[in-house]
Amino acid sequence: MKDVNIQELRQMCYRQSKIPGEFMLQLRCAGNYLDAKWLEMVQYVCQTWGNGQLHIGTRLTFSIPGIKVEYIDEVNEYIAPYIYEMECNICGVEMDTSKGYPYIGPRNIVACIGGIHCIKANINTQELAHKIEKLIYPNPYHIKIGIGGCPNDCAKAQFQDIGIVGVTKPVYYQDRCIGCEACVKKCKKVATRVLEKNDQEKITKDMCCCVGCGECVTICPTGAWQRQDQVYYKIFIGGRSGKQFPRMGKMFANWLSEKAVLQIIERWPEFSRWVLKGQAEYLHGGHLIDRAGYHNFKKFMLDGVELNEEALIADNVYWDEQEYRSNIHLKNIESHPNVN
Ligand code: SF4
Ligand code: SF4
Ligand code: SF4
């Protein structure tokens, strides 16, 4: 067996197997939507160089186990057209595709099916994923990004380093409203109970707690509630699983324009470089935010960003990860001296 630089192969998206000399290739697919013709290529790699099996990775990569190290150059040559199509052609990434992937740092961008198919979607999640891929890849700095098309958040944006959720600000056309209260009942049942009928038999909304799901639009029989052409986004930050302080992400921004979202994400590699002093290492984004402190993070990430007038940014963020680390729900609090 030839000498193996495991770190180098890991950078190229080949994960070391527990079987000596074998690796698992993780094929990226930003937004998780692709021409089905590529399945033939995936099948060929699995059956020619892998062990014949395929794992759909937890970040929705095509993960191909059982590739022996001596075949990696051959595999990279074979997958070059796939990488070119997915990264360069679809996402506009500029990279040399002839030697496989150059970095594993920014993980595959996860997105729900969104506006391509889902009737609840407020945004085209795939288009956004492609635009973001161009901003973060190739790059040595780690980041996990997830995109949900609506506040149902099927992509679990709240457990990503940076999670994005598409939202809408429905417009109310009072003349069309017949006072049926379908929207009131729907918002009460599936959302945040912010609608009520007023004494003019019309609808009043408490805008403060509207989550921007659009359920009122979908249910209204007369089109009195309508989506605007303009869509908006929430950004969650610092969500993570794992051994050290798992926690749900917190809302960093709401009612952002797409332009502002992209300008913020573009700051991430520079922010990572600044916090890690140029030494790229694997750390959840939340740990980087903790190291910098929320206010420094906020200042850095918003530097030069053109916020739209509706945008709201969190003054502060209150984390609550101690409850997981210390098994607060499983044991009496007095038995945990490290909780205070
Ligand atoms: S998050 Fe919303 S848009 Fe995306 S799949 Fe779920 S329900 Fe549909
Ligand atoms: S569902 Fe439409 S018509 Fe009925 S109360 Fe709500 S806004 Fe008015
Ligand atoms: S967008 Fe959602 S939360 Fe806001 S009023 Fe409509 S149903 Fe309620």
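Residues numbered from 1 in each chain as written. Chains lettered and ligands numbered in written order. Predicted model: local features only at pLDDT ≥ 70, side-chain atom pairs only at ≥ 80, totals over all residues.

Novice: What exactly am I supposed to notice about the overall build of the protein chain here?
Specialist: If you tally the helices and strands in the protein chain, you get 11 helices and 14 strands. Seen along its three principal axes, the alpha-carbon backbone of the protein chain occupies a region of about 80 × 55 × 40 Å. Classification of the 340 residues of the protein chain by burial places 37% in the buried group. (Helix = DSSP H or I, 4+ residues; strand = E, 2+ residues; numbered from the N terminus. Buried ≥ 20, exposed ≤ 12 C-beta atoms within 10 Å, placed from the backbone.)

Novice: What should I look at first to understand the sheet that holds strand β13 (residues 250-256) in this one?
Specialist: The strands making up a sheet are joined through hydrogen bonds of the backbone, oriented either antiparallel or parallel. Pairing in this open sheet of 6 strands is mixed, and the strands run β5-β6-β7-β12-β13-β14 from one edge to the other. At either end of the open sheet lies a strand with only one pairing partner, and these are β5 (110-111) and β14 (312-313). Pairing of β5 with strand β6 (residues 145-148) involves 2 bridges; the strand directions are parallel. Bridge assignment links V110 to a residue of β6, and that residue is G146. Packed onto the sheet, helix α7 (residues 258-266) meets β7 (162-167), β12 (232-237) and β13 and runs at close to 25 degrees relative to β12. (Pairing = 2+ DSSP bridges. Contact = placed C-beta atoms within 7 Å. Axes fitted to C-alpha atoms, helices over the stretch in contact; angles between N-to-C directions.)

Novice: Would you mind going over the site of ligand 1 with me for this structure?
Specialist: Around ligand 1, a shell composed of C112, I113, G114, C118, K120, A121, G148, G149, C150, N152, D153 and C154 is seen. Of the residues that constitute the shell around ligand 1, the class distribution is 6 nonpolar, 4 polar and 2 charged. (Near = placed C-beta within 6 Å. Nonpolar A, V, L, I, M, F, W, Y, C, P; charged D, E, K, R; others polar.)

Novice: Would you take a moment to explain the packing of helix α2 (residues 38-48) against helix α3 (residues 72-90) for this structure?
Specialist: For any two helices packed against each other, one specifies the inter-axial angle together with the distance between the axes. Direction vectors running N to C along α2 and α3 enclose 170 degrees, while the axes themselves pass 11 Å from each other. Relative to α3, the element α2 lies roughly antiparallel. On α3, the residues that touch W38, M41 and V45 of α2 are V75, Y78, I79 and Y82. For the contact of α2 with α3, the per-class residue count stands at 7 nonpolar, no polar and no charged. (Parallel < 35°, antiparallel > 145°, perpendicular 65-115°, else oblique.)

Novice: Teacher, can you tell me more about the sheet that holds strand β3 (residues 55-56) here?
Specialist: What the 4 strands build is an open sheet, ordered β1-β2-β4-β3; its pairing is antiparallel. Strands at the two margins of the open sheet, each flanked by one partner only, are β1 (14-16) and β3. Bridge count for strand β2 (residues 22-27) against strand β4 (residues 62-68) is 5 bridges, and the pairing is antiparallel. Directly across from Q26, in β4, lies its bridge partner S63. Together, β1, β2 and β4 form the strand contacts of α3, whose direction differs from that of β2 by roughly 10 degrees.

Novice: Quick question: what am I supposed to make of helix α8 (residues 268-275) here?
Specialist: In an α-helix, one full turn covers 3.6 residues, which means residues spaced three or four apart are oriented alike. Turning to α8, its buried residues number three or more, namely W268, P269, F271, S272 and V275. The arc that holds the buried residues of α8, viewed along the axis, is 160 degrees, so those residues lie on one side. As for α8, its buried residues are in contact with α4 (125-136), β7, α7, α9 (285-292) and α10 (294-302). Following α8 by one or two positions, K277 has its phi on the positive side, about 55 degrees. (Arc of directions from axis to C-beta.)

Novice: So what exactly am I meant to see when it comes to the environment of N122 here?
Specialist: With respect to the helices and strands, the residue N122 is situated in the loop between β5 and α4. Separated by 27 residues in sequence, N122 and M95 place their C-alpha atoms 32 Å apart.

Novice: Just checking my understanding: could you explain the domain arrangement of the protein chain for this structure?
Specialist: Where interface size is quoted, it is often the accessible area lost as the parts come together. What the domain assignment lists for the protein chain is domain 1 (6-90), domain 2 (110-167 + 231-325) and domain 3 (171-226). Here domain 1 and domain 3 have C-alpha centroids that lie 48 Å from each other. (Domains from an automatic or database assignment.)

Novice: Hey, could you run me through unusual backbone geometry in this one?
Specialist: Excluding glycine, most residues fall at negative phi; most peptide bonds, likewise, are trans. For the bond from Y137 to P138, the omega torsion is -5 degrees, close enough to zero to count as cis. By secondary structure assignment, the location of P138 is in the loop between α4 and β6. Phi is positive for C13, close to 70 degrees, though the residue is something other than glycine. On the secondary structure map, C13 appears in the loop between α1 (6-11) and β1. In this structure, E181 is a non-glycine residue whose phi angle is positive, near 70 degrees. Following the sequence through the fold, E181 ends up in the loop between β8 (171-172) and α5 (182-190).

Novice: So what exactly am I meant to see when it comes to the packing of α4 against α7 here?
Specialist: Running from N to C, α4 and α7 point in directions that differ by 30 degrees, and their axes come no closer than 9 Å. On the basis of their axis angle, the class for α4 and α7 is roughly parallel. For the pair α4 and α7, the sense of crossing is right-handed. Residues K131, I132, L135 and I136 of α4 form the contact with α7, whose participating residues are L262, I265 and E266. Here the contact of α4 with α7 is composed, by residue class, of 5 nonpolar, no polar and 2 charged. (Left-handed = near helix turned anticlockwise from the far one by under 90°.)

Novice: Is there a simple way to explain the pairing of β4 in this structure?
Specialist: Consecutive residues of a regular strand have side chains that alternate between opposite faces of the sheet. Taken together, the 2 bridges between β3 and β4 define a ladder with antiparallel strand orientation. Along β4, the bridge assignment pairs I56 with F62. Hairpin connection of β3 to β4: 5 residues between the antiparallel strands, including L60 at a positive phi of 60 degrees.

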